[in-house]
Amino acid sequence: MSMATLTAPSAERENYLNQEYGIRSWLLTTDHKRIALLYLLSITFFFFIGGFFALLIRLELLTPAGDLLQADTYNKMFTMHGQVMVFFFLIPAVPAVLGNFLIPIMIGAKDLAFPRINLLSWYLFIIGGLFMLYTILTGGVDTGWTFYTPLSTQFLDTHVVAAALAIFIAGFSSILTGLNFIVTVHRMRAPGMTWSRLPLFVWSNYATSIIQVLGTPVLAITLMLVALERIFKLGIFNPQMGGDPLLFQHLFWFYSHPAVYIMILPGMGVVSEVVTCFSRKRIFGYKFMALAVIAIAVLGFLVWAHHMFAAGISLYAAMIFSLLSYFVAVPSAIKVFNWTTTMYKGSISYMTPMLYAFGFIGLFTMGGLTGLFVAALGIDVHVTDTYFVVAHFHYIMVGGMVMAYLGGIHFWWPKISGRMYPEAWGKLAALIIFIGFNLTFFPQFVLGYLGMPRRYWQYSPEFQVLNVLSTAGATILAVGYLLPMVYLLWSMRYGKVANENPWNAAGLEWMTASPPPTFNFDQTPTVTWEAYNYDELKEVPVER
Amino acid sequence: MSDRAPAIATHSPELEHHFSSLEQQLEASVMGMWVFLITEIMFFGGMFCGYMVYRYQYYSAWVAGSQKMDFRWGTLNTIVLLCSSLTMALAVRSAQLGRRKAIVIFLLITILFGLGFLGIKGIEYHGHWAEHQFPGLNWAWPEANSHLVALFFSFYWAMTGFHALHMVIGVGLVSWIAYQAWKGRYHSAYYTPVEVVGLYWHFVDIIWIYLYPLLYLISHKHISG
Amino acid sequence: MFDLPLWPPRASTTAGSVDALFIFLLTLCGFMALAIFTMIIVFAIRYRRRPGHQAEQIEGSNALEFTWTFIPLGIFLCIFVWGAYIYFQERTPPRGAAEVYTVAKQWMWKFQHVEGHREINELHVPVGRDVRMIMTSQDVIHSFYVPAFRIKQDVLPGRYTVAWFHATKAGTYHLFCAEYCGTMHSGMIGDVVVMEPAQYEAWLSGGAALGSLANTGQGIFQSLGCSTCHRFDTQGRGPNLVGVFGRPVLLEDGRTVIADENYIRESILIPAAKVVSGFKPIMPTFQGIVSEEQLNALVAYVKSLNPPPAGAAGTPNLKPPTSQPETNR
């Protein structure tokens with residue numbers, strides 16, 4: 001769709017959407033809000049590609065025999081599903097779209113610290129994305145998203161180097177976004193916007209940025225070494241030549257475990273904003289909530305080897321990593337308790353974003369609690385590399401992050417587009433997604449404990465009933481994901497015009513026009529209030 | 001971009017529209033470079049980590065590989081880089097004092113040192129290539145543990161190669177700010193790019209300070225005694 | 001017509017202890033989830049927005065925060081200890097376990113019993129005996145997974161990894177490869193046939209055994225000329241291998257390693273990597289000369305040069321010079 005059709009309401013003041021027109025004004029923009037929209041388009045595109053792969057996977061698994069796809073094709077499907085969803089949707093989802101749009105506004109800045117680098121991030125993302133598309137269109141890659149050696153380096157002749165390069169480049173996009181956020185939060189806050197007044201959305205994106213900046217380069221060099229090993233036939237991770245495949249796993253998970261927190265922390269930030277707004281309350285335990293995200297970011301770097309309990313690491317290393325994994329579970333628990341308590345004695349309305357927040361808390365709780373199972377060494381040996389783990393991380397990443405992302409998109413849609421989304425459709429979609437999600441992934445917990453390994457193209461017949469349930473759920477989920485795309489597009493032209501603050505929410509972003517002007521505020525605001533000052537905001541009934 | 005910031009255009013021309021002061025702009029840029037350098041540390045850290053693991057596992061192969069390094073070239077290159085850091089620092093100092101000619105001269109010397117480093121590295125690379133010490137493409141090792149020494153050389157080429165790539169980028173950046181300085185873009189109130197590129201240059205230098213002993217000197221005691 | 005199992009068969013001692021912790025966690029986490037969901041639903045209904053109802057601002061409560069920091073932490077630590085205890089048992093094979101050497105390759109499982117039997121994609125074991133799997137891979141990483149035993153261990157190329165189990169119930173159980181290993185990953189499956197001891201003995205004597213694995217290893221040892229240097233006295237150019245297994249070995253560079261299966265394996269393939277103190281690195285590599293199966297036989301042979309610990313079965317004792325207890329790894 002052409003962005004030029006995004007005309008803001010007629011007879012309206014100048015804003016970031018209508019200030020300039022034409023494709024050039026978008027592709028060369030340095031406005032963080034426009035870049036956020038560029039990201040929104042690109043990641044939506046990749047989300048549906050990854051979703052298409054997921055659907056094919058689920059259809060193949062409808063029957064125990066490998067009948068719909070070839071074995072190699074199936075392997076490519078789950079590989080590219082993982083790579084596209086992790087690196088081209090989940091990691092950029094909330095930070096690069098909502099974070100990009102909101103962080104400068106929330107702290108009262110005119111833009112991110114480095115607007116041109118922000119645009120560069122998007123271009124890197126697109127170049128990485130083009131490499132990924134090249135990989136997909138020219139035959140795909142079947143390493144698994146984890147690239148485990150020596151399989152990926154010595155035994156496959158698919159487009160491993162192109163895929164590694166795609167992720168390498170997209171990784172630098174992620175690093176530069178993180179760098180921009182860190183400097184912005186440190187240096188660009190408006191007068192009076194102290195650290196203890198930052199919205200938790202900013203805190204959680206800040207914590208995410210730390211991980212992006214520290215973790216991503218390690219993945220980058222690891223994938224580079226994999227590529228070099230393939231190109232020059234080196235032996236860095238090849239046991240036949242003295243290399244150590246476990247070293248690869250350590251390096252890979254050193255990034256890819258913290259990456260899990262890249263994929264959930266920003267979602268936690270969204271939920272904190274939504275829950276407070278629709279409960280009309282300050283967040284319960286602000287300081288602990290802020291500390292918890294930082295604790296997760298830091299502890300998240302110390303638990304990577306819990307992906308390797310059955311991989312052949314030493315007994316005592318495994319014990320230390322299990323112990324640390326339980327430590328990182330504590331701040332996650334704190335967050336769930338605080339959100340729940342925030343609702344206590346609130347004034348709760350069930351608008352679409354709040355429904356997504358309910359869904360997030362519930363599904364994240366499930367994902368987190370099953371995390372206690374997989375962190376327990378004895379159980380992990382049985383369930384690792386089975387559908388139990390698949391279900392566990394989909395509860396976090398899809399149940400958690402995608403719910404939060406959609407909740408956030410709905411919550412800030414009036415701010416982004418200047419229009420309201422249709423509330424009834426919004427609620428319906430949220431409900432469909434919640435039901436479809438649980439039907440898809442809950443049976444996978446049972447499958448996993450039964451022992452069905454992941455990445456199986458064909459399986460033993462006794463697993464069929466649960467797989468059929470899961471596939472049925474995936475179909476419902478697909479409908480649920482298509483709906484918002486349709487009605488959000490519709491609302492850009494036909495939606496009710498949104499005022500400055502349709503939710504009567506707290507936060508600087510609601511104190512400027514919808515959509516905001518190019519420099520966000522006509523005057524740099526001076527902050528004199530704490531975050532979530534719902535006690536000072538007059539309560540107006542939200543229109544249904 | 002000029003049409004977008006009429007309200008602030010009265011300020012210094014170097015001030016970008018979204019900053020409120022030059023000071024804020026400098027602080028942000030310097031901090032940005034520091035954060036970037038942290039990611040660079042993690043990037044090289046991955047290779048250093050792999051190097052250390054294998055050095056522990058295959059110590060004798062590491063010594064054998066390291067003995068093929070010419071420690072005189074390595075030392076010379078270390079000195080060259082240290083000198084380049086000095087001239088870079090002097091360039092930043094000149095920028096603070098607003099001495100245009102001095103900035104340009106020091107930056108040009110820095111470039112020369114940088115190119116000198118790359119030249120010496122090229123000579124070394126050529127020697128290793130000629131002696132079939134490039135694993136995969138051109139590898140022959142007459143002694144024992146061929147594939148383990150190949151592992152050492154894999155790390156040697158990867159680590160010094162990525163370092164050299166950073167040097168090439170560094171020379172490009174310094175050339176660019178030298179050109180800008182020559183045009184008189186920098187003065188004592190605005191020299192952010194010089195400072196930021198300087199940070200990068202010192203960082204690349206420091207990486208070499210770690211590469212030098214790890215690659216050239218670990219077997220030194222075996223040579224002398 | 002529905003075949004819908006909801007719980008995997010429980011056929012090893014480990015399975016019982018894993019299930020116990022799992023059921024405990026199910027109860028605990030089920031309760032926690034229920035409590036949280038109930039709170040959310042109750043709050044959402046009780047404090048719904050309606051005319052005349054105002055939110056009541058609450059800043060937070062340090063007491064509550066500390067409560068829900070430290071009580072979960074305490075519970076988590078208990079779970080950790082319990083899980084680690086099971087893992088410790090899973091990773092510590094008991095002494096005197098019967099040994100089965102395993103070679104995984106794309107996409108099949110090959111088993112070598114110490115008695116000399118070989119199997120592909122099928123593993124026969126008796127009820128009531130500890131079995132220790134000594135596993136390696138010929139190509140990529142695989143993973144030995146028997147859901148009914150609740151055990152899983154990645155099988156890596158270039159080294160041995162070990163798993164053990166004690167089957168408790170006769171029957172045929174799934175064997176899966178659990179680490180993605182290429183095209184036919186999902187075809188790398190097999191059966192673990194657990195038999196009553198009497199039937200197992202019958203099965204053992206039924207098959208055409210080719211002599212024990214150690215005997216095979218002895219043959220390879222001689223035909224490759226290993227015995228010219230590794231003599232059973234102190235005159236050899238290589239170390240005397242009698243009684244070496246399981247013992248600490250002082251290396252040329254001053255380090256000490258335990259001579260376990262992995263050390264023996266590495267010393268055959270990369271002899272110069274860890275040279276025994278007092279010897280020269282003159283041994284040629286056997287990489288590409290011996291197959292993984294032959295390597296297993298050689299390792300079994302070197303191990304057989306030790307006196308067996310009490311209760312071990314099947315390993316012929318070729319040379320009993322010193323009594324050295326087997327070290328578990």
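**Describing the overall build of chain A**
A count of helices and strands for chain A gives 16 helices and zero strands. For chain A, the spread of C-alpha atoms along the principal axes amounts to about 65 × 50 × 45 Å. Within chain A, the fraction of its 544 residues that count as buried is 68%. Long-range contacts, defined as pairs at least 24 residues apart, comprise 84% of the intrachain contacts of chain A with a sequence gap of at least 6.

**Remarks on the nonpolar core**
Of all hydrophobic cores here, the largest spans 355 residues; its most connected members are V97(A), A164(A), V271(A), M401(A) and L151(B). If one sorts the elements of this core by residue count, helix α3 (residues 71-106) of chain A sits on top with 22 residues. Residues lining this core come from more than one domain, with at least three contributed by each of domain 1 (9-40 + 64-210) and domain 2 (214-304) of chain C. With sequence-adjacent residues up to four places away left out, V97(A) is seen in contact with A36(A), Y39(A), L40(A) and I43(A).

**As for the interface of chain B and chain A**
In this assembly, 30 residues from chain B lie in contact with 33 residues from chain A. Those elements that place two or more of their residues in the side of chain B that touches chain A are α1 (22-57) and α5 (146-182) of chain B. Considering every element that reaches the side of chain B that touches chain A, the biggest residue donor is α1(B), with 17 residues. A per-class count over the side of chain B that touches chain A returns 16 nonpolar, 11 polar and three charged.

**So, the interface of chain A and chain C**
Across the contact, 77 residues belong to chain A and 75 residues belong to chain C. For the side of chain A that touches chain C, the elements supplying multiple residues, two or more each, are α3, α5 (151-155), α10 (286-299), α11 (315-343), α12 (352-375), α13 (377-383) and α15 (423-450) of chain A. Partitioning the side of chain A that touches chain C into residue classes produces 46 nonpolar, 21 polar and 10 charged.

**Points about the sheet that holds strand β9 (residues 171-177) of chain C**
All names here are of chain C. The five strands are arranged β4-β10-β9-β6-β7 in an open sheet whose pairing can be described as mixed. Both outer strands of the open sheet, β4 (122-126) and β7 (151-155), are each paired with one neighbouring strand and no more. If you compare each strand with its neighbour and ignore which way they point, the axes differ by 20° on average. In terms of strand pairing, β9 meets strand β10 (residues 190-195) through five bridges, oriented antiparallel. Its bridge partner being in β10, G171 is matched across the sheet by V194.

**Re unusual backbone geometry**
A cis amide bond links T149(A) with the next residue in sequence, P150(A), at an omega value of 0°. Residue placement: P150(A) occurs in the loop between α4 (115-137) and α5. In this chain, Q106(C) is followed by W107(C) through a cis amide linkage whose omega measures -10°. The topology assignment puts W107(C) in the loop between β1 (98-105) and β2 (108-113). For D385(A), which is not glycine, the phi torsion reads 60° and is therefore positive. By the secondary structure assignment, D385(A) is in the loop between α13 and α14 (387-417). With phi around 55°, N121(C) is a residue other than glycine that occupies positive phi space. Inspection of the secondary structure assignment puts N121(C) in the loop between β3 (118-120) and β4. Take N121(C): there are 15 C-beta atoms within 10 Å of it, and that puts it in the partly exposed class.

**Notes on the sheet that holds β2(C)**
Each strand in a sheet pairs with another by means of backbone hydrogen bonds, the pair being arranged parallel or else antiparallel. Residues and elements named next belong to chain C. Sheet architecture is open: five strands sit in the order β3-β2-β1-β5-β8, paired in mixed fashion. Because the sheet does not close on itself, it has two edges, and the strands there are β3 and β8 (161-166). With direction set aside, neighbouring strand axes in the sheet form an average angle of 25°. In this sheet, β2 lies alongside β1 in antiparallel orientation, the contact comprising six bridges. What sits directly across from V100, in β2, is H113. Set on the sheet, helix α7 (residues 292-304) makes contact with β1, β2 and β5 (130-137); between it and β1 the angle comes to about 160°.

**A closer look at the packing of helix α1 (residues 13-46) of chain C against helix α2 (residues 62-91) of chain C**
Residues and elements named next belong to chain C. Taken N-terminus to C-terminus, the directions of α1 and α2 make an angle of 165°; their axes are 10 Å apart at the nearest point. Between α1 and α2, the angle is such that the two are roughly antiparallel. When the axes of α1 and α2 are compared, the crossing they make is left-handed. For the pair α1 and α2, contact is made by T14, S17, V18, L21 and L25 and by I79, W82, G83, I86 and E90, respectively. Each residue belonging to the contact of α1 with α2 can be placed in one class, and the counts come to six nonpolar, three polar and one charged.

**Remarks on the environment of Y186(B)**
As for its placement among the helices and strands, Y186(B) is situated in the loop between α5 and α6 (192-217). Setting aside chain neighbours within four positions, we find Y186(B) in contact with A95(B), I103(B), Q180(B), A181(B), Y191(B) and V194(B).

**Describing α4(A)**
End to end, α4(A) covers 33 Å across 23 residues, agreeing with the expected 33 Å (1.5 Å per residue, within 8%). Downstream of α4(A) by one or two residues, G139(A) has phi in the positive range, about 125°.

**Looking at the environment of S84(B)**
All names here are of chain B. Topologically, S84 is positioned in helix α3 (residues 71-97). For S84, a count of 27 C-beta atoms within 10 Å corresponds to the buried category. Remark: the alpha-carbon pair of S84 and L112, spanning 28 residues in sequence, is separated by 8.3 Å.

**Some remarks on the domain arrangement of chain C**
All names here are of chain C. Assigned domains of chain C: these are domain 1 (9-40 + 64-210) and domain 2 (214-304). Taking only C-alpha atoms, the centre of domain 1 and the centre of domain 2 are 30 Å apart. When grouped by side-chain class, the residues that make up the side of domain 1 that touches domain 2 number six nonpolar, three polar and two charged.

**Overview of the confidence of the model for chain C**
Residues and elements named next belong to chain C. For chain C, mean pLDDT is 88; residues scoring 70 or higher make up 92% of the total. Across chain C, strand β6 (residues 142-146) holds the top mean pLDDT of 97, while helix α5 (residues 226-229) sits lowest at 88. In the predicted structure, residues 311-329 sits below a pLDDT of 50 and forms 43 contacts with residues beyond four places in sequence or in another chain. Complex prediction metrics read pTM 0.92 and ipTM 0.92.

**Side note on the packing of helix α9 (residues 265-279) of chain A against α14(A)**
Residues and elements named next belong to chain A. The contact between α9 and α14 brings their axes to 8 Å, and the two run at 45°. As far as their axial angle goes, α14 and α9 are oblique. The chirality of how α9 crosses α14 is left-handed. Seen from α9, the contacting residues are G267, V270, V271, E273 and V274; seen from α14, they are G400, M401, A404, Y405, G407, G408 and F411.

**Description of the pairing of β2(C)**
Taking the residues between adjacent antiparallel strands as the criterion, β1(C) and β2(C) are bridged by two residues. Hairpin geometry of β2(C) and β3(C) is characterised by an intervening segment of four residues between the two adjacent antiparallel strands and by a positive phi of about 115° at G116(C).

Conventions we followed
- Residues numbered from 1 in each chain as written.
- Chains lettered and ligands numbered in written order.
- Predicted model: local features only at pLDDT ≥ 70, side-chain atom pairs only at ≥ 80, totals over all residues.
- Helix = DSSP H or I, 4+ residues; strand = E, 2+ residues; numbered from the N terminus.
- Buried ≥ 20, exposed ≤ 12 C-beta atoms within 10 Å, placed from the backbone.
- Contact = placed C-beta atoms within 7 Å.
- Core = buried A, V, L, I, M, F, W, Y, C linked by C-beta atoms within 7 Å.
- Domains from an automatic or database assignment.
- Nonpolar A, V, L, I, M, F, W, Y, C, P; charged D, E, K, R; others polar.
- Pairing = 2+ DSSP bridges.
- Axes fitted to C-alpha atoms, helices over the stretch in contact; angles between N-to-C directions.
- Parallel < 35°, antiparallel > 145°, perpendicular 65-115°, else oblique.
- Left-handed = near helix turned anticlockwise from the far one by under 90°.
- Expected span 1.5 Å × (residues − 1).
- pLDDT = per-residue confidence, 0-100.

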